[in-house]
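What the coordinates show
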Amino acid sequence: MQALIPKINDVLKPENPYNLRTTALYALQSVAQVSPSDFVIDRILPYFLKSAKDPVANVRFVLAKIFKSIANTLPDKANKQIKQYIISYKHIKLCNLDN
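Definitions and limits used
- Residues numbered from 1 in each chain as written.
- Predicted model: local features only at pLDDT ≥ 70, side-chain atom pairs only at ≥ 80, totals over all residues.
- Heavy atoms only, no water.
- Axes fitted to C-alpha atoms, helices over the stretch in contact; angles between N-to-C directions.
- Helix = DSSP H or I, 4+ residues; strand = E, 2+ residues; numbered from the N terminus.
- Parallel < 35°, antiparallel > 145°, perpendicular 65-115°, else oblique.
- Left-handed = near helix turned anticlockwise from the far one by under 90°.
- Contact = heavy atoms within 4.5 Å.
- Salt bridge = Lys/Arg side-chain N within 4 Å of Asp/Glu carboxyl O.
- Polar contact = N/O pair within 3.5 Å; in protein donor to acceptor, adjacent residues only side chain to side chain.
- Core = buried A, V, L, I, M, F, W, Y, C linked by side-chain atoms within 4.5 Å.
- Buried < 20%, exposed > 50% of the residue type's maximum accessible area, 1.4 Å probe, protein only.
- Phe/Tyr/Trp six-rings, centres within 6.5 Å; stacked < 30°, edge-to-face > 60°.

**Side note on the packing of helix 2 (residues 18–34) against helix 3 (residues 37–51)**
- Two elements in contact, helix 2 and helix 3, have axes separated by 11 Å at closest approach and are oriented at 160°. If you check the angle between helix 2 and helix 3, you find them roughly antiparallel. Between helix 2 and helix 3 lies a crossing of left-handed hand. Touching L25, L28, Q29, V31 and A32 of helix 2 are F39, V40, I44, Y47, F48 and S51, all from helix 3.

Written out as structure tokens, the structure is:
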């Protein structure tokens, strides 16, 4: 898994096709769902937060759905950080993260 994360970082670069970036986000989601919350916060969450600035709306929308799906696996402190970050972006504010 340690080798996978840096490779995904290369895929998340904006010069790659958007569908490749969304696939990488889904791969990170799968890793996040089976990893300890400390690992998710330290190693995966930074990539998610970076992707929240992606120029393609579909990538940001996929990310909002991923945030919602992993919210129950993270501590409240991490969820508050995610919510604050998302609220600052009007384009992904539509996703209700309180459910």
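Picking up where we left off.
**Considerations on the pattern of salt bridges**
- Going through the model one piece at a time under the given rule, you end up with two salt bridges.
- Residue K13 is joined to D10 by a salt bridge in which the shortest nitrogen-to-oxygen separation is 3.7 Å.
- Its salt-bridge partner being D54, residue R21 comes within 2.7 Å of it at the nearest N-O pair. Of this pair, R21 sits in helix 2 while D54 sits in the loop between helix 3 and helix 4 (57–70), placing them 33 residues apart in sequence.

**Looking at the side chain of T22**
- Positionally, T22 belongs in helix 2.
- Side-chain polar atoms of T22 contact the backbone oxygen of N19, separated by 2.9 Å.
- T22 has contacts with N58, V59 and V62, leaving out every residue within four places of it along the chain.

**What about the nonpolar core?**
- Residues L12, L25, L28, I44, F48 and F67 are the most contacted members of the largest nonpolar core, which totals 25 residues.
- Listed by contribution, the elements that provide at least two residues to this core are helix 1 (4–11), helix 2, helix 3, helix 4 and helix 5 (76–87).
- Looking at this core element by element, the count peaks at seven residues for helix 3.
- Setting aside residues no more than four positions away along its own chain, I44 makes contact with I5, L28, V31, A32 and F39.

**Concerning the packing of aromatic side chains**
- One pass over the full model with this rule turns up one aromatic pair.
- Ring plane angle 85° and centroid distance 5.8 Å describe the contact between F48 and F67, whose orientation is recorded as edge-to-face. Of this pair, F48 sits in helix 3 while F67 sits in helix 4, placing them 19 residues apart in sequence. Considered together, F48 and F67 belong to a single accessibility category, that of buried residues.

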